[in-house]
Amino acid sequence: MRCLKRGKNFIFPVLLAAVILFSSVSDAFAAVTQAQIDEVKRKRDQVSEEKMAQQQVIDELSAQRDDIIDQKMALEQKVAITREQINLNNQEIDLYEDMIAEKAEEVDEARAREEEQLRRYRMRIRAMEENGQLDLFVLLSESESISDLLSALDDAGDIMQSDRALEDQYIAARRAHEEKQAEYEEYKAGLVAIQEMLSDERDQLEIEISSSQQVIDQLQAQISENEDLIAEINARWSELDSELTELQDQYDAEHTPGGLWGAEGFIWPCGTYYITSFAGTRIHPVTGQSKYHSGIDIGVPQGDPIWAAAAGTVTMAGWNGNYGNCVMVTHGNGYTTVYGHLSGIAVSSGQYVNMGQTVGYCGSTGLTTGPHLHFEIREGGAFLNPLAFFSGGSFDYAPDA
Ligand SMILES: [Zn+2]
């Protein structure tokens, strides 16, 4: 890190300026590191895993719920069929009740007819008795002959016989009706028994349906709870994701030419912001002597690209003593930038380079204790403090970086 060239016209009280610069901005802003990004990414992935686990719980609960919904639907179909059977049965019972009522009426009518016939029969006997046709004593005493008597008896008998036959007929009809009615009653009793069975079945099914519904409700409540958890997890994930995007954007910006703009149209020449050594007088880490440092040392990983801080013409591209592999670019406005200790050089002397064009790669050639970029800004013959051009940036002083 030693730079032997001593500036004749060193303008800035470099260390003092640097101390002020660091104390004012270092806490407010620190460059993003890959480790920071990885940490947030790890947290976000952890949350993703949490979400997946939670989703799995929801899926399992949903599967259980859907199974029970299917079972409940089957029960509902069964209960609908049972209700339909009950309806049909009721209709049949109604029908039988009508038939029984009809038969009861017919029985009543038959009984009335019977009674009427009995009444007529009795009247006829009484009339016969009254007109002497049936008074055996009268018949015997009044009949002029046996044949008279027999004839009178026959006449009375015929009439009585016919009345009796009629009554028998009526009785038979009534009994037939009564039998039919009894038959209907019996059939109806069977239907009522079936009806009771169906009602029990329906009640049982309804109990099962209602307990299925309870289980469904419980599962649904659990699912909702888990969905709330997922919503929380999603919120955490989104937060981490935006944090990650922000960090990544910042990181990308810092690791792209143009990530930090300075005064006079300069951009920061590399993708890191660790200052391992300030410009000015210092104790040299290798020689142990108090020496003047003509630029700043920036901790950059070995092999990372080094960019031209501004467009210009390459005035040197090659070995330069303690600078090791060194590139110098003159920018036409009086400024020259110097990039030292490179592991490789990407340009050649006389070449025009654009701002941000890679001029070489970080290394530790020349007098160094490890890979870093030695960066100078010169004006005329004077060494300026490069950090003074980048007062808008933020840096970490990391002598070991
Ligand atoms: Zn140096």
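Shown above is the structure to which this text applies.
The shown structure was predicted, so the numbers you read here are calculated from the model rather than taken from an experiment.

### Brief notes about the overall build of the chain
From N to C terminus, the chain includes 5 helices and 14 strands. Burial statistics for the chain: of 401 residues in total, 24% are counted as buried.

### Some thoughts on the packing of helix 2 (residues 34–130) against helix 4 (residues 146–254)
Across the interface, helix 2 lies against helix 4 with an axial gap of 3 Å and an inter-helix angle of 170°. Classed by the angle they form, the pair helix 2 and helix 4 counts as roughly antiparallel.

### Overview of the nonpolar core
Core analysis: the biggest nonpolar cluster contains 44 residues, and Ile-306, Val-327, Tyr-339 and Val-359 have the highest contact counts within it. Not counting residues within four places of it along the chain, the set of residues in contact with Tyr-339 comprises Pro-269, Ile-306, Cys-326, Val-327, Val-359, Gly-360, Leu-373 and Phe-375.

### A short note on the sheet that holds strand 11 (residues 358–361)
What the 3 strands build is an open sheet, ordered 5-11-9; its pairing is antiparallel. What marks the edges here is a single partner per strand, and that holds for strand 5 (305–307) and strand 9 (344–345). Both strand 9 and strand 11 contribute to a ladder of 2 bridges, which runs antiparallel. Bridging from a neighbouring strand, Ile-345 pairs with Gly-360 of strand 11.

### What about unusual backbone geometry?
In the Ramachandran plot, Glu-264 falls in the positive-phi region, its phi being about 60° despite a non-glycine side chain. The residue Glu-264 is located in the loop between helix 4 and strand 1 (274–277) in this model. With a phi angle near 70°, His-341 is a residue other than glycine that sits in the positive phi range. Following the sequence through the fold, His-341 ends up in strand 8 (residues 335–342). Given 29 C-beta atoms within a 10 Å radius, His-341 is considered buried.

### Some thoughts on helix 4
In an α-helix, one full turn covers 3.6 residues, which means residues spaced three or four apart are oriented alike. With 109 residues, helix 4 extends 155 Å from end C-alpha to end C-alpha; this agrees with the ideal 162 Å at 1.5 Å per step. Those residues of helix 4 that sit buried are Ala-152, Tyr-170, His-177, Tyr-184, Leu-198 and Leu-219.

### With respect to helix 2
Between its terminal C-alpha atoms helix 2 stretches 139 Å, which fits the 144 Å expected from 97 residues at 1.5 Å a residue. Every buried residue belonging to helix 2 is among Leu-61, Leu-75, Thr-82, Lys-103 and Ala-110, and all of these are buried. Along its buried surface, helix 2 packs onto helix 4.

### Remarks on the pairing of strand 1
Pairing between strand 1 and strand 4 (residues 296–299): 3 bridges, direction antiparallel. Looking at the pairing, Ser-277 lines up with Asp-297 of strand 4. Pairing analysis gives 2 bridges linking strand 1 to strand 14 (residues 396–397), with the strands arranged parallel. Paired with Tyr-274 across the strands is Asp-396, a residue of strand 14.

Rules used in this analysis
- Residues numbered from 1 in each chain as written.
- Predicted model: local features only at pLDDT ≥ 70, side-chain atom pairs only at ≥ 80, totals over all residues.
- Helix = DSSP H or I, 4+ residues; strand = E, 2+ residues; numbered from the N terminus.
- Buried ≥ 20, exposed ≤ 12 C-beta atoms within 10 Å, placed from the backbone.
- Axes fitted to C-alpha atoms, helices over the stretch in contact; angles between N-to-C directions.
- Parallel < 35°, antiparallel > 145°, perpendicular 65-115°, else oblique.
- Core = buried A, V, L, I, M, F, W, Y, C linked by C-beta atoms within 7 Å.
- Contact = placed C-beta atoms within 7 Å.
- Pairing = 2+ DSSP bridges.
- Expected span 1.5 Å × (residues − 1).

So yeah, pure geometry; function would need other evidence.
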